[in-house]
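Observations on the three-dimensional arrangement
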Amino acid sequence: MTVPRLEPSLTGARIVPVLVLDNPAEAVPLAEALVAGGLTTLEITLRTPGALACAEAIAAKVPGALVGLGTLIRPEQFAQARDVGARFVVSPGLTDRLAEAAKAAGLPYLPGIATVTEALIAYEHGFRELKFFPAMLNGGAPALKGMAPLLPEIRFCPTGGIKAENVREILSLPNVFALGGTWLTPADAVKERRWADIERLAREASTLATQG
Ligand SMILES: O=C(O)C(=O)C[C@H](O)[C@H](O)COP(=O)(O)O
């Protein structure tokens, strides 16, 4: 079975907001604010009862957004992701069953790894784009630099603990195609529906990515 490759629109995203959403009525204006700020590739985490409905609402109602689902930890979640219109899927780690489910679903898949051994296992499964998670706890930019000569065919999307001040250094690494995080959508701003603040954070991040 072939390994679905990540779409160029994802590998070219540079910054992927990671969203914890439960309410579709909040999800749509939040996604619109991120897209207006220049961040169009969005990862919605499967951590809440309403996550699938939020992903479906964004995929249907925000034409500029490329919607992915994250935190996939069970094989059956791949079919659920496809059914709501997700264009890519992300896991915090990788197991043999998840790898097979990703290949069967035919969705571009970004599996998570935290060590060189885990990266090699993902490589053996055929994956070449990996999530490095939790990135800052596992050494951040110096760890990514250390892996580059050992794993020349692998490119990473680090997430976990990344803030605006880390963006430029991490995106400057040749083995990093994008990075992700929740810092762009602070829980209080979402709760208070301060969409203009989120659009501003997104625009600042987009600027960092293009200047980097
Ligand atoms: O399990 C997954 O697939 C995830 O989505 C993990 C997230 O990428 C991180 O939890 C984001 O980390 P912070 O930016 O530090 O909040």
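Placed above this text is the structure.
Notes on the structure in this doc start here. (Residues numbered from 1 in each chain as written. Predicted model: local features only at pLDDT ≥ 70, side-chain atom pairs only at ≥ 80, totals over all residues. Heavy atoms only, no water.)

Focus: the site of the ligand
As a structural note, the neighbourhood of the ligand is formed by 15 residues, with Glu 43, Lys 131, Thr 159, Gly 161 and Thr 182 the closest of them. A distance of 2.6 Å separates an oxygen atom of the ligand from a polar atom in the backbone of Gly 161. The fraction of the free accessible surface of the ligand (420 Å²) that becomes covered by protein chains is 86%. When its residues are assigned to classes, the shell around the ligand shows four nonpolar, eight polar and three charged. (Near = heavy atom within 4 Å. Polar contact = N/O pair within 3.5 Å; in protein donor to acceptor, adjacent residues only side chain to side chain. Areas by Shrake-Rupley, 256 points an atom, 1.4 Å probe, with all protein chains shown as cover. Nonpolar A, V, L, I, M, F, W, Y, C, P; charged D, E, K, R; others polar.)

Some words on the environment of Gly 146
Mapped onto the elements, Gly 146 comes out in helix H7 (residues 140–147). Gly 146 gets classed as partly exposed once you look at its relative accessible area, which sits at 40%. The spatial distance from the C-alpha of Gly 146 to the C-alpha of Val 116 is 9.9 Å, given a sequence separation of 30 residues. (Helix = DSSP H or I, 4+ residues; strand = E, 2+ residues; numbered from the N terminus. Buried < 20%, exposed > 50% of the residue type's maximum accessible area, 1.4 Å probe, protein only.)

Considerations on the pairing of strand E2 (residues 41–45)
Of all five residues in E2, five are buried; the element is thus mostly enclosed. Relative to E2, strand E1 (residues 14–19) runs parallel, the two being bridged by two bridges. Across the sheet, the residue bridging to Leu 19 is Ile 44, located in E2. For E2 and strand E3 (residues 66–70), the ladder comprises five bridges, and the chain directions are parallel. Opposite Ile 44, over in E3, you have Leu 69 as the bridge partner. (Pairing = 2+ DSSP bridges.)

Section: the pattern of salt bridges
Enumeration according to the criterion identifies ten salt bridges in this entry. For Lys 131, the salt bridge identified is with Glu 43, shortest N-O distance 3.9 Å. Of the two residues, Lys 131 sits in strand E7 (residues 129–132) while Glu 43 sits in strand E2, which places them 88 residues apart along the sequence. Side by side, Lys 131 and Glu 43 carry an identical accessibility label, which is buried. Here Arg 128 makes a salt bridge to Glu 153, at a shortest N to O gap of 3.4 Å. (Salt bridge = Lys/Arg side-chain N within 4 Å of Asp/Glu carboxyl O.)

Re the sheet that holds E2
Taken in spatial order, the six strands of this open sheet run E5-E4-E3-E2-E1-E9, and their pairing is parallel. This sheet does not close on itself; its edge strands, each paired only once, are strand E5 (109–110) and strand E9 (178–181).

Details of helix H5 (residues 96–105)
Within H5 the residues assigned to the buried category are Leu 98, Ala 99, Ala 101, Ala 102, Lys 103 and Ala 105. Buried residues along H5 sit in contact with helix H4 (77–83) and E5. Looking one or two residues past H5, Gly 106 carries a phi angle of roughly 70°, positive in sign. (Contact = heavy atoms within 4.5 Å.)

Some points on the nonpolar core
One finds Ile 15, Ile 44, Ile 58, Leu 69, Phe 78 and Phe 156 to be the most contacted residues of the largest nonpolar core, which totals 65 residues. The residues touching Phe 156, leaving out its near neighbours within four places in the chain, are Ile 113, Leu 130, Phe 132, Leu 144, Met 147, Leu 151, Asn 175, Val 176, Phe 177 and Ala 178. Ranked by size, the runner-up nonpolar core spans eleven residues in total, among them Leu 66, Phe 88, Phe 177 and Ala 178. (Core = buried A, V, L, I, M, F, W, Y, C linked by side-chain atoms within 4.5 Å.)

Some thoughts on the sheet that holds E7
Read from one edge of the open sheet, three strands run E6-E7-E8, paired in parallel fashion. Each of the sheet's edge strands pairs with one partner strand only, and the pair in question is strand E6 (112–113) and strand E8 (155–158). Running at roughly 145° to E7, H7 makes contact with E7 and E8 of the sheet. (Axes fitted to C-alpha atoms, helices over the stretch in contact; angles between N-to-C directions.)

Thoughts on unusual backbone geometry
A cis geometry characterises the amide bond from Phe 133 onward to Pro 134, with omega recorded as -10°. Turning to its location among the elements, Pro 134 is positioned in the loop between E7 and H7. One non-glycine residue, Arg 14, lies in the positive phi region at around 70°. Along the chain, the position of Arg 14 falls in strand E1.

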